[in-house]
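# Examining the three-dimensional arrangement
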Amino acid sequence: MLKTMKGLLALSVSAAAMISASAQAEELRLLTWAGYAPQEVIDQFEQETGITVKVTKSNNEDMISKLRATRGAGYDLVQPSQDRVTGAQKEYRIYKPMDLSQLNAEQFIPSMLAATKTNTTINGDVYSVPHIWGTSGLIAGVSESKNAYSFNDLCSDDYKGKVSYRLKRPTLIGFAFAMGEDPFAAYTDEKKYAEILGKVEQKLIDCKDNVKAYWSGGDALINLLRSGEVTLAMGWDAGGWKLHKETGNINFVPPESGALGWIDTFALPAKGKNDEAAYKWINFVMQPEIAAKITEAAGNFTASAGAEEFVNDELSNSYKISYNQSSLDNIKWYPPVPAGLEIIEGKTLDRIKAAQ
Amino acid sequence: MTFDLECRNVSKQFGDFQAVNDISLEIPAGSFFSILGPSGCGKTTLLRMLAGFSEPDQGEILIKGKKMAGIPPNKRPVNMVFQHLALFPMMNIGENIAYGLKRNKVPKQERDKKVADVLERIDLPGIENKSVHQLSGGQKQRVAIARCLVLEPDVLLLDEPLGALDLKLREQMKVELKKLQQAFGTTFIYITHDQSEAMVMSDQVAVMNHGRFEQVGSPQSLYYQPNTAFVAGFVGNNNRIEGVVESIVGETAIIRSDAGQQFKTTFPEATLHSGQQVHLYIRPEAIHIRRDQNVTSENHINGRVESILFDGGNSQVLVKDTESSQELTVSLPQTREFNDLTAGEMISLSWDIRQSNVFSANNKSEP
Amino acid sequence: MNGKKLSFYLLLMPLLLTLALLILLPQLDMLGISLRERVSYGVYEFSLLHYQAFFTEPLYWNTFVRTAVMSILATALTLLISFPVAWYIAKIAQGKNKNLMFLACLIPFWVSELVRTYGWMILLRESGVISGFLQWAGLADAPVEMLYNDITVMTGLVYTSMLFMVVPLVSTLEGMDDSLVEAAYDLGGNHFTVLRTVIVPYAVPGIVSGCIVVFMLTLGNYLTPTLLGGKDSLWFTEQIFTQFITRFNWEQGAAFGVLLLCLSSLIVWLGLKLSKQSFKQAMTSDA
């Protein structure tokens, strides 16, 4: 009886393994953000390589959680932000080092590639390469009378009940900068960091009345702004530009203290089964023409050298309206997050949410 | 004199269906009154109007001389025992009986005393704390009645409460119900489709058909002097012979059956004329049965025993007339005389001319 | 082992496997995770820290109390609203109407919970349908925000739970002999006392099983309170989700999960005690 059971079990397990193995042969399982793998690009890739791409849409926390649950299995290529790579790797060992010789390094903007490599190296191994970058700042109905915006405006009486932001770490960091602190410098000093967060917490609790709703997805935010229910929000540049195209007066504005800059990368999950296809995909999407298509879909620029030429004027223009040289220079790029900070941030966010 | 219950020209209609049609009745205090009829005759509708669950379309209902129109069931001085008794399963016996008292705000002490008293009177003392499912069918029956009687209603309505019991218990309960009614002295209105229940217990029986009362009277008068063919057929058993009035001599009519025999019968004055199509009814128990074939009687048939339906005291013989092949059911006296009767034997049947009833044949309401 | 026994165990196997693999094993795993503490990168040791955190950090405790109170309230409201509906379906509606009423309760479940909740959002938001109607009808002179408060959350929860209350109530009430109600009236009861003394006590098994299901569903609901609730809205399952997904704190999340299971079982047990029902009775009432 027991023997039969064992046999059956073994049989079903091996059958399942066979099915999944055969399916993987020509498949790339990509865990990424919405807009980063447009259908047009996927189709073209399939035509050229014969590899089917299976896309799962996600966000930073979700990517890490998914990989953590399977110890790095289930996907062949993921796209975490560069500041979230090393912490997660040290903690959960969910990635494998990249073989840079498989990539066309000349397709990358050299400074970006170098920065990402530095930020995601552990013991000499590089764990990710850059793909798309963008900024977080304010999205507002732009008026003539006001030409400088600050994250502090989110607490201004002018916008009472008409404000929205995410209840996540970028908000805490944005406010810290607006309050004259430098949270990135305090990354290594947990005590100092907790102190800064304490001040931010107090401020966010004090002006909680201003908040209409905490947004959780880019589309939800765009909806709130479009309907006029929200007039000032902290959000991504791409969303602001999209609204600008639609409405003409709502746009993305970098705050005085500097927009927050992020780079989403490519990384290989520890138990990915088709690294070859992953490298092929990276090389494919980093071609300037393809990268431009992705830029149009996602609304953000890529680390592909020379892709700007292929991006339509409208998008370049909105970018130019929002940024001048000084505000570009003022972008605060996220450094890698040391482990442990997220626990402090989490408790801060909980307390803000719970405050009445 | 005021009656406990009085109906004046009460009618009730459901859509096109006339459920109760112009019923009038008067019931004196303390009597046991039954309404007997086949299912669908309107007796339940009438009872529900008495209880107040529905209002008559026309006519009025009076209880102890007081008009009941617009008075809801919970305010009427009548109570009802339901077909399936409707004892509350989530309450014990004491709580069931006290239910109505509690609604009337009777203080606890008095309530308990009344409950104990009524249980005593129905011969089930001290069962207050038992739950409903612990009782036998007959005990439940008595508790259901006690639950109403403890409120001392002017009239108690009973909706075929014996229907669910088995035969033996039903026979017992008939007697008990009658005893309870006599002991409490409350007016009972009892509806049933079982003529035996109605006959055994009632002072007065109303036979109901198609929403009307066919006849109201004592059980004896219904049995011996049915006014209509329906009553003759529905109350007790009857043999029916179809024929034509041949001649009338004083109070006696001579009927020629379709099979060609002649029978004599008495009849109510001025209800028949010769040449009329009629039905003749003779009760099985009114027929004499003899082995001697040479009997002379005014109504006489020689026949062959077709079969014997043995049922103890209710045994019957099916006899076929040798001349006309008319079949008659005859009661079989249990006096040892006919114990050896067998099928195929020839016997003679006879009956008194006053024992048969005759009705015009074009009465459509025959059972 | 003879043939009969073997076939018995084989027949039992799917049930046992389901119970063990899908219910028992994950719960035990959760319990295991909840009882450890991260010491450094990838190193864990046994600890009750996360249970301690629940009882010492008022935020978590408050969130749980709030969730439980809201769930109990939602259950009570659902009962209040569902009872007349169930009564109508069980006792008054006939044939086609009856099916239509049932269908009306079922229709919300033809779409996913997410779509259902977004439906409510479209109706209730400041620039939404109801706000627009009120302004059009002159009942409001400015847009009315009806989203993001506890009343909206409650509405959403009741809406989602109705069916699970109506079904057991209908099956209990259908089993009730109408003459019980008539007898109660006949014996002098009025509408209120008949409801209180006869109908409700009769329906208790249905009420209890409906309440258990609705309470558990509400307590474990995630989408409705998160999407409809505003900036102050706290829900315990949201807290668990946050611990697992955004904080990477599986240990705390698992501890919360175990606590949620224990505390909700405790509340159900108390409810059963108070209504003098046994769990078995309540769960088999609609059979």
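### Brief notes about the overall build of chain A
- A tally of regular secondary structure across chain A gives 14 helices and 14 strands.
- What you see for chain A is a C-alpha radius of gyration of 22 Å, in line with the 21 Å of a compact globule of 356 residues.
- With respect to the principal axes defined by its C-alpha atoms, chain A has extents near 75 × 50 × 40 Å.
- Of all 356 residues assigned to chain A, the portion counted as buried reaches 45%.
- Long-range pairs, those at least 24 residues apart, make up 76% of the contacts in chain A between residues at least 6 apart in sequence.

### Details of the overall build of chain B
- Within chain B, the regular secondary structure consists of 8 helices and 20 strands.
- A principal-axis box enclosing the C-alpha atoms of chain B has dimensions of 75 × 50 × 35 Å.
- When burial is assessed residue by residue, chain B has 39% of its 367 residues classed as buried.
- Taking contacts inside chain B between residues at least 6 apart in sequence as the whole, the part at least 24 apart equals 66%.

### Focus: the domain arrangement of chain B
All names here are of chain B.
- Entries for chain B in the domain assignment read domain 1 (5-232) and domain 2 (237-360).
- Placing the centre of domain 1 and that of domain 2 at their C-alpha centroids yields a distance of 38 Å.
- Every contact between the two is made by 4 residues of domain 1 and, on the other side, 5 residues of domain 2.
- Split into classes, the residues belonging to the side of domain 1 that touches domain 2 amount to 3 nonpolar, 1 polar and no charged.

### Brief notes about the environment of B:Met201
Residue and element names in this part refer to chain B.
- Of note, Met-201 is situated in helix α6 (residues 195-201).
- Judged by C-beta crowding, with 25 C-beta atoms within 10 Å, Met-201 ranks as buried.
- Between the C-alpha atom of Met-201 and that of Ala-144, which follows or precedes it by 57 residues, the distance is 18 Å.
- Look past the residues within four positions of Met-201 in its chain and what remains in contact with it is Phe-32, Ser-34, Lys-174, Leu-177, Lys-178 and Tyr-190.

### Notes on the sheet that holds strand β18 (residues 327-331) of chain B
Residue and element names in this part refer to chain B.
- Spatial strand order, β15-β19-β16-β17-β18: 5 strands in an open sheet with antiparallel pairing. Here the strands that pair on one side only, and so sit at the sheet edges, are β15 (288-290) and β18. On average, adjacent strands in this sheet sit at an angle of 40 degrees to one another, irrespective of strand direction.
- Relative to strand β19 (residues 346-351), strand β16 (residues 299-309) runs antiparallel, the two sharing 6 bridges. Bridge pairing in β19 places Ile-301 opposite Leu-349.

### Quick look at the packing of helix α3 (residues 58-92) of chain C against helix α9 (residues 191-219) of chain C
Residues and elements named next belong to chain C.
- At a closest axis distance of 9 Å, the pairing of α3 and α9 adopts a crossing angle of 140 degrees. As far as their axial angle goes, α9 and α3 are oblique. In the crossing of α3 with α9, the sense of the turn from one axis to the other is right-handed. Across from Thr-67, Ala-68, Ser-71, Ile-72, Ala-74, Thr-75, Thr-78 and Leu-79 in α3, the residues of α9 making contact are Ile-207, Gly-210, Cys-211, Val-214, Phe-215, Thr-218 and Leu-219.
- Residues that form the contact of α3 with α9 fall into these classes: 9 nonpolar, 6 polar and no charged.

### Remarks on the nonpolar core
- Of all hydrophobic cores here, the largest spans 230 residues; its most connected members are B:Leu157, B:Ile189 and B:Val207.
- Broken down by element, the residue count for this core peaks at 12 residues, all from helix α7 (residues 150-174) of chain C.
- Those residues within four positions of B:Leu157 in sequence are excluded, and the remaining contacts are B:Leu47, B:Leu50, B:Ala51, B:Val78, B:Met80 and B:Ile189.
- Ranked by size, the runner-up nonpolar core spans 12 residues in total, among them C:Tyr60, C:Leu234, C:Ala255 and C:Leu259.

### Some points on the interface of chain A and chain C
- Each side of the interface is counted separately: chain A has 24 residues, and chain C has 20 residues.
- When contributions to the side of chain A that touches chain C are tallied by element, the ones reaching two or more residues are α3 (60-70), α4 (85-92), β9 (211-214) and α14 (341-354) of chain A.
- Here the residues of the side of chain A that touches chain C are counted per class, giving 7 nonpolar, 5 polar and 12 charged.

### A look at the interface of chain B and chain C
- Every contact between the two is made by 16 residues of chain B and, on the other side, 15 residues of chain C.
- For the side of chain B that touches chain C, the elements supplying multiple residues, two or more each, are β6 (78-81) and α2 (93-103) of chain B.
- Here the element with the most residues in the side of chain B that touches chain C is α2(B); it accounts for 3 residues.
- Of the residues that constitute the side of chain B that touches chain C, the class distribution is 10 nonpolar, 5 polar and 1 charged.

### Topic: the pairing of β19(B)
- Sheet analysis places β15(B) next to β19(B), joined by 3 bridges and oriented antiparallel. The residue bridging B:Ile289 from the neighbouring strand is B:Leu349, located in β19(B).

### Side note on the confidence of the model for chain A
All names here are of chain A.
- Looking at chain A as a whole, the pLDDT averages 87, with 92% of positions reaching at least 70.
- Within chain A, the lowest mean pLDDT, 49, falls on helix α1 (residues 2-24), and the highest, 96, falls on strand β3 (residues 77-78).
- With pLDDT under 50 throughout, residues 1-5 is counted as low confidence; its partners more than four residues away or in other chains account for 2 contacts.

### Examining the domain arrangement of chain A
Residues and elements named next belong to chain A.
- Looking at chain A, the domain boundaries give domain 1 (24-133 + 262-327) and domain 2 (136-260 + 332-354).
- Listed by partner, the interface residues are 19 residues for domain 1 and 17 residues for domain 2.
- Of all the elements in the fold, those that place two or more residues in the side of domain 1 that touches domain 2 are α4 and α12 (313-322).
- Sorting elements by how many residues they give to the side of domain 1 that touches domain 2 places α12 first, with 5 residues.

### Quick word on the sheet that holds strand β4 (residues 58-63) of chain B
Residue and element names in this part refer to chain B.
- Read from one edge to the other, the open sheet built from 4 strands follows the order β2-β1-β4-β5, with strand pairing classed as antiparallel. Either end of the sheet is taken by a strand with one partner, and the two such strands are β2 (17-27) and β5 (66-67).
- Bridge analysis of strand β1 (residues 5-14) against β4 gives 5 bridges, and the strand direction is antiparallel. Residue pairing in the sheet places Leu-5 in a bridge with Ile-63 of β4.
- Seen against the sheet, helix α1 (residues 43-51) touches β1, β2 and β4 and runs at an angle of roughly 60 degrees to β2.

### Notes on the arrangement of the chains
- The chain pair with the greatest number of contacts, out of 2 pairs of chains in contact, is formed by chains A and C.
- Structurally, chain A and chain B remain out of contact, their C-alpha atoms never closer than 46 Å.

### A word on unusual backbone geometry
All names here are of chain B.
- For Asp-22, which is not a glycine, the phi torsion comes out positive at approximately 55 degrees.
- On the secondary structure map, Asp-22 appears in strand β2.
- Despite not being glycine, Ala-86 has its phi angle at roughly 55 degrees, a positive value.
- Looking at the element boundaries, Ala-86 is found in the loop between β6 and α2.

### Structural notes on the environment of B:Leu62
Residues and elements named next belong to chain B.
- If you trace the backbone, Leu-62 turns up in strand β4.
- A count of 17 C-beta atoms within 10 Å places Leu-62 in the partly exposed class.
- The sequence separation of Leu-62 and Ser-39 amounts to 23 residues, and the corresponding C-alpha distance is 26 Å.
- Apart from the residues within four sequence positions on either side, Leu-62 is in contact with Glu-6, Lys-67 and Met-68.

### Some words on helix α5 (residues 167-184) of chain B
Residue and element names in this part refer to chain B.
- Its 18 residues place the ends of α5 26 Å apart at the C-alpha level, agreeing with the 26 Å of an ideal helix rising 1.5 Å per residue.
- Of all the positions in α5, only Met-173, Leu-177, Leu-180 and Gln-181 are classed as buried.
- In this structure, the buried side of α5 is in contact with β3 (32-36), α4 (137-149), β8 (187-192) and α6.
- Looking one or two places after α5, you find Gly-185, whose phi comes out positive at around 70 degrees.

### Topic: the environment of A:Ala270
Residue and element names in this part refer to chain A.
- Residue placement: Ala-270 occurs in the loop between β12 (260-269) and α10 (275-285).
- In sequence terms Ala-270 and Gln-325 are 55 residues apart; their C-alpha atoms lie 40 Å from each other.
- Among all residues touching Ala-270, those that are not within four sequence positions of it are Arg-71, Gly-72, Arg-93, Ile-94, Tyr-95 and Lys-96.

### Overview of the pairing of strand β17 (residues 316-321) of chain B
Residue and element names in this part refer to chain B.
- Pairing of β16 with β17 involves 6 bridges; the strand directions are antiparallel. Across the sheet, residue Ile-308 finds its bridge partner in β17, namely Val-317.
- Sheet topology note: the β17/β18 ladder contains 5 bridges and is antiparallel. Looking at β18, one finds that Leu-318 is bridged to Thr-329.
- A loop of 5 residues connects β17 with β18, the two strands running antiparallel in sequence, and Ser-325 in this loop sits at a positive phi of about 60 degrees.

The rules behind the values
- Residues numbered from 1 in each chain as written.
- Chains lettered and ligands numbered in written order.
- Predicted model: local features only at pLDDT ≥ 70, side-chain atom pairs only at ≥ 80, totals over all residues.
- Helix = DSSP H or I, 4+ residues; strand = E, 2+ residues; numbered from the N terminus.
- Rg over C-alpha atoms; globule rule 2.2 N^0.38 Å.
- Buried ≥ 20, exposed ≤ 12 C-beta atoms within 10 Å, placed from the backbone.
- Contact = placed C-beta atoms within 7 Å.
- Domains from an automatic or database assignment.
- Nonpolar A, V, L, I, M, F, W, Y, C, P; charged D, E, K, R; others polar.
- Pairing = 2+ DSSP bridges.
- Axes fitted to C-alpha atoms, helices over the stretch in contact; angles between N-to-C directions.
- Parallel < 35°, antiparallel > 145°, perpendicular 65-115°, else oblique.
- Left-handed = near helix turned anticlockwise from the far one by under 90°.
- Core = buried A, V, L, I, M, F, W, Y, C linked by C-beta atoms within 7 Å.
- pLDDT = per-residue confidence, 0-100.
- Expected span 1.5 Å × (residues − 1).

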